[in-house]
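Listed here are the chains, written in short residue letters.
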Amino acid sequence: MKAARAKTPRRPALKKASPPGPKDPVGVYCRVRPLSCPDQECCIEVINESTVQIHPPDGYRIFRNGEYRETQYSFKEVFGTLVAQKELFDAVAKPLVEDLVHGKNGLLFTYGVTGSGKTHTMTGSPGDGGLLPRCLAVIFNSIGPFQAKRFVFKLDDKNGVDIQCEVDALLERQKRDATPVPKASGKRQVDPEFADMINVQDHCKVEEVDEDNVYSVFVSYIEIYNNYIYDLLEDTSFDLIKPKPPQSKMLREDQNHNMYVMGCTEVEVKSTEEAFEVFWKGQKKRRIANTQLNRESSRSHGVFTIKLAQAPLDADGDNVLQEREQITLSQLSLVDLAGSERTNRTKAEGSRLREAGNINQSLMTLRTCIEVLRENQKYGTNKMVPYRDSKLTHLFKNYFDGEGKVRMIVCVNPKAEDYEESLQVMRFAEMTQEVEVARPVDRPLCGLTPGRRFRNQAFRDELARKLEIRGGPINEETEEQSASEILLQNFPPLPSCELLDINDDQTLPKLIEVLEERHKLRQKFSEEFARNVLTFRTALRELDSNIMSKENYFQGKLSEKEKIITGQKAELEHLEKKIKTLEYKVEILEKTATIYEEDKRHLQQELESKSQKLQRQVSDKRRLEARLQGMVAETTTKWEKECERRVAAKQLEMQNKLWVKDEKLKQLKAIVTESKSEKPERPSREREREKPIQRSVSPPPVPNTPPVRLRRRRSRSAGERWVDHKPPSNLPTDTVMQPHVPHAITVAAASEKALAKCDKYMLTHQELASDGEIETKLIKGDVFKTRGGGQAVQFTEIETLKQESPTGRKRRSSPSNADPPEDAADSEWTDVETRCSVAVEMRAGSTLGPGYQHHAQPKRRKP
């Protein structure tokens, strides 16, 4: 028979992307060990069943700038100094054992400072076994009657398992028995060194063990020392002359992407005693040393792995099912980590210093991996987890990236000397609780009838009982022996047939009598045999009739069941077609959703890019506006200075021209009035500047002057129909030039009726200027119809009329004042023409800007 082979079901080799399943956080428990001396100072206090409080010891705040802060840390459960090993096992390790029996993986490790009780928690002490022996006891108590024979399951060197047929397993067992290994007769003799550790009295079991499966347990024990892996169960030849150092093992990845130790020894065990004996054999090889903090300090990380292979029985419940898909290999790893320590406290040197450095480095790598996993899960990042930086994290990456239940026991020592180390351990443990691990899935059902093992056994027992009741023998050897004994006992013994005397008349009659008795017994047996044969034939006929009736009954039932099965098959086909249709629709919807998500992502990216572009444009616009405002302000200032300079230059030029004309007039007058012989002397320019220019005084008004007709200033827009809006609050100006629009409708308030008759609109607005004079603005606009049937006005230009009072300007100072200031050039001319009102006009959109006035050039009166 060909051996079937199965692989561990933790992670399939090729798996389609599926939505993430449920996850469970890493279960972190805290155990506080009792103080070695009652008078020691304690820095850790158990608040309740899930919280511990750690406070600095006395004198610590002196070295930390007076800081004194109490910190509380919460865990899934906290165990005080008086907790029993059984209570700790029931809360922490027993669920992992139940998952192991049900085909799921688990990882349990102890973490803490040197001397905090990690090894005691895992192994235990005489009379009080730890987690490891209790796990073994529960496993074998649960699967004891369902274990397969040795070598039915056989592990290969690629982290898989093979199933051998009964013949191959028998050959393997015979080969093992032929080896000269001393075996204890009867019950296995337990080493008294660890007998008290495995003497567990509670005999607890796992509930709901599949009784239709067969099980086999394999154990292995390795240590990680100085970041090298060593097999503690490997048998090495001991040579006193040239001792051979142990060879380190390599980590490999199987086809299911699970990590395993290549070439590691895995022993099949059948009892708790045998399994713990294998563990104790490796424990003696584990490296320990005496340090100042711990007399027996573990210098390596110990990993004890329990593998449970299970496969279902066939339909008869007799042999193992030879289908590789139905074979499950689950494992539980129990890890005793070496304690973190500070070399300034342990005073380590040489190899001990190197060991401490490697221990701290591996624990730091474990902490880094936990931090990166927490950050990736909490913030959605995709940072690479540095599993390969240490053999410890690389070996157990399957549990954090794959499926399985992970639990950690934080062991702390409450003494004050370990305060700083305990504080770091607490922080790391509390952070580890935030990491989530995928929940293991249940293994698939084999599809065979449950309870077939005990049902077939009950059938065999019942058949043997009925045969025994009917007088039938249970086996053929007993039957032959019983029949011959009965015949020999019932037949009378033959007398002696030897004739010694011719006159002997007693021997023959006795012989004849015995033979007749034998003949009668033979006839009696023949008749009884015939009766038994007749009875047996009758029973056979009755049995045949019963069988025929039952066959007919079963045929009818079978036909009914076949009809039901046919209907169910048709319904199944219909449902399968419906499922395929729905799957096709779901696939289409998934593709559509993917397309929509892609479009949504593109649109979001486009929206983000456009919003960024818009923000850049807005910022560029703001910068440009600020720049333009600065340029406008600079240009305005520049042109104001330029205009002032040009006005001053023009005024100086006009003054020079007027002075030249005055000189010419004086010369002409001198020529006319004086004699021609006298030559007039031209005064210097400087002297004339010093003399004040005598200006002519305006003539007084002529009395009884007829009234002057007011001149109306003609608007540029004459000839069109206007609405002249003059508010009643305006004051009359009584100036010569007045705005006048012919054919205008004058109104005091704008109305839709007036606007409907005209196509132009003018508003006369008065306001007080900065110099206290009245300024009149004529605001003009076009009238047009709106879509709603109303009228609207769009303003196009503004005309400004400004009136100035003659007394508002300064007169020239007395002639004695010399060197007038430069800004008094405009105030030197005070004749009537200069003081007259000036009309100002400005169109909308003028390049000169709003409020700019065009003043007429003042005229110089002739002398």
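Above this text sits the structure in question.
A brief structural summary. (Residues numbered from 1 in each chain as written. Predicted model: local features only at pLDDT ≥ 70, side-chain atom pairs only at ≥ 80, totals over all residues. Heavy atoms only, no water.)

### Let's talk about the overall build of the chain
In step 1: Each helix and strand in the chain was counted, giving 16 helices and 31 strands.
In step 2: By residue count, 34% of the 863 residues in the chain fall in the buried class.
In step 3: For the chain, contacts bridging at least 24 residues in sequence account for 71% of all contacts bridging at least 6.
In step 4: Here the chain has roughly 57,100 Å² of accessible surface; of this, 53% comes from carbon and sulfur atoms. (Helix = DSSP H or I, 4+ residues; strand = E, 2+ residues; numbered from the N terminus. Buried < 20%, exposed > 50% of the residue type's maximum accessible area, 1.4 Å probe, protein only. Contact = heavy atoms within 4.5 Å. Areas by Shrake-Rupley, 256 points an atom, 1.4 Å probe, with all protein chains shown as cover.)

### Details of a nonpolar patch on the surface
In step 1: Taken together, the side chains of Phe 536, Leu 540, Leu 543 and Ile 547 make up a nonpolar region of the molecular surface, amounting to roughly 340 Å² of accessible area.
In step 2: Secondary-structure assignment places Phe 536 in helix H13 (residues 507-673).
In step 3: In this structure Phe 536 comes out as exposed when scored by relative accessible area, which is 52%. (Patch = residues over 30% accessible without salt bridge, like charges linked within 9 Å, V, L, I, M, F, W, Y side chains within 5 Å. Salt bridge = Lys/Arg side-chain N within 4 Å of Asp/Glu carboxyl O.)

### Brief notes about the nonpolar core
In step 1: By size, the foremost hydrophobic cluster in this structure holds 53 residues, and its most contacted members are Cys 30, Phe 75, Leu 337, Phe 396, Val 406, Met 408 and Met 426.
In step 2: Ile 143, Phe 146, Cys 204 and Ile 409 belong to the second-largest nonpolar core, a separate cluster that totals 46 residues. (Core = buried A, V, L, I, M, F, W, Y, C linked by side-chain atoms within 4.5 Å.)

### Here's the deal with the sheet that holds strand E5 (residues 51-54)
In step 1: Spatial ordering of the open sheet is given by E4-E5-E6, a layout of three strands whose pairing is antiparallel. Pairing within the sheet leaves two strands with one partner each, and these edge strands are strand E4 (44-48) and strand E6 (71-74). Across the sheet, the mean angle from the axis of one strand to that of its neighbour is 30 degrees, orientation sign disregarded.
In step 2: Relative to E6, E5 is paired through four bridges, and the arrangement is antiparallel. Bridge pairing in E6 places Thr 51 opposite Ser 74.
In step 3: Along the sheet, helix H10 (residues 419-432) makes contact with E4, E5 and E6, crossing E6 at roughly 40 degrees. (Pairing = 2+ DSSP bridges. Axes fitted to C-alpha atoms, helices over the stretch in contact; angles between N-to-C directions.)

### Let's talk about the pattern of salt bridges
In step 1: On inspection of all chains with the given rule, the structure shows 27 salt bridges.
In step 2: For Arg 150, the salt bridge is made with Glu 274, and the minimal N-O distance between the two is 3.0 Å. Taken together, the residues span a long stretch of sequence, with Arg 150 in the loop between helix H3 (131-143) and strand E11 (153-155) and Glu 274 in helix H5 (residues 272-285) at a distance of 124 residues.
In step 3: A residue is classified by how much of its surface remains accessible, and Arg 150, at 17% relative accessible area, is buried.
In step 4: Two residues, Arg 623 and Asp 620, come together in a salt bridge whose shortest N-O distance is 2.0 Å.

### A short note on empty space enclosed by the protein
In step 1: One pass over the full model with this rule turns up four cavities of 30 Å³ or more.
In step 2: Lining the largest cavity are Leu 107, Phe 109, Val 335, Leu 337, Leu 366, Cys 369, Ile 370, Tyr 387, Leu 392, Thr 393, Phe 396 and Phe 400.
In step 3: Listed by contribution, the elements that provide at least two residues to the lining of the largest cavity are strand E8 (106-112), helix H7 (351-379) and helix H8 (391-395).
In step 4: Examining the composition of the lining of the largest cavity, we find that three residues originate from one element, H7, more than from any other.
In step 5: A breakdown of the residues in the lining of the largest cavity according to their chemical character gives 11 nonpolar, one polar and no charged. (1 Å grid on protein atoms, 1.4 Å probe; cavity = no way out; pocket = protein on both sides within 12 Å on 5 of 7 lines; lining within 4 Å. Points joined across faces, edges and corners; volume = space filled by probe spheres on them. Nonpolar A, V, L, I, M, F, W, Y, C, P; charged D, E, K, R; others polar.)

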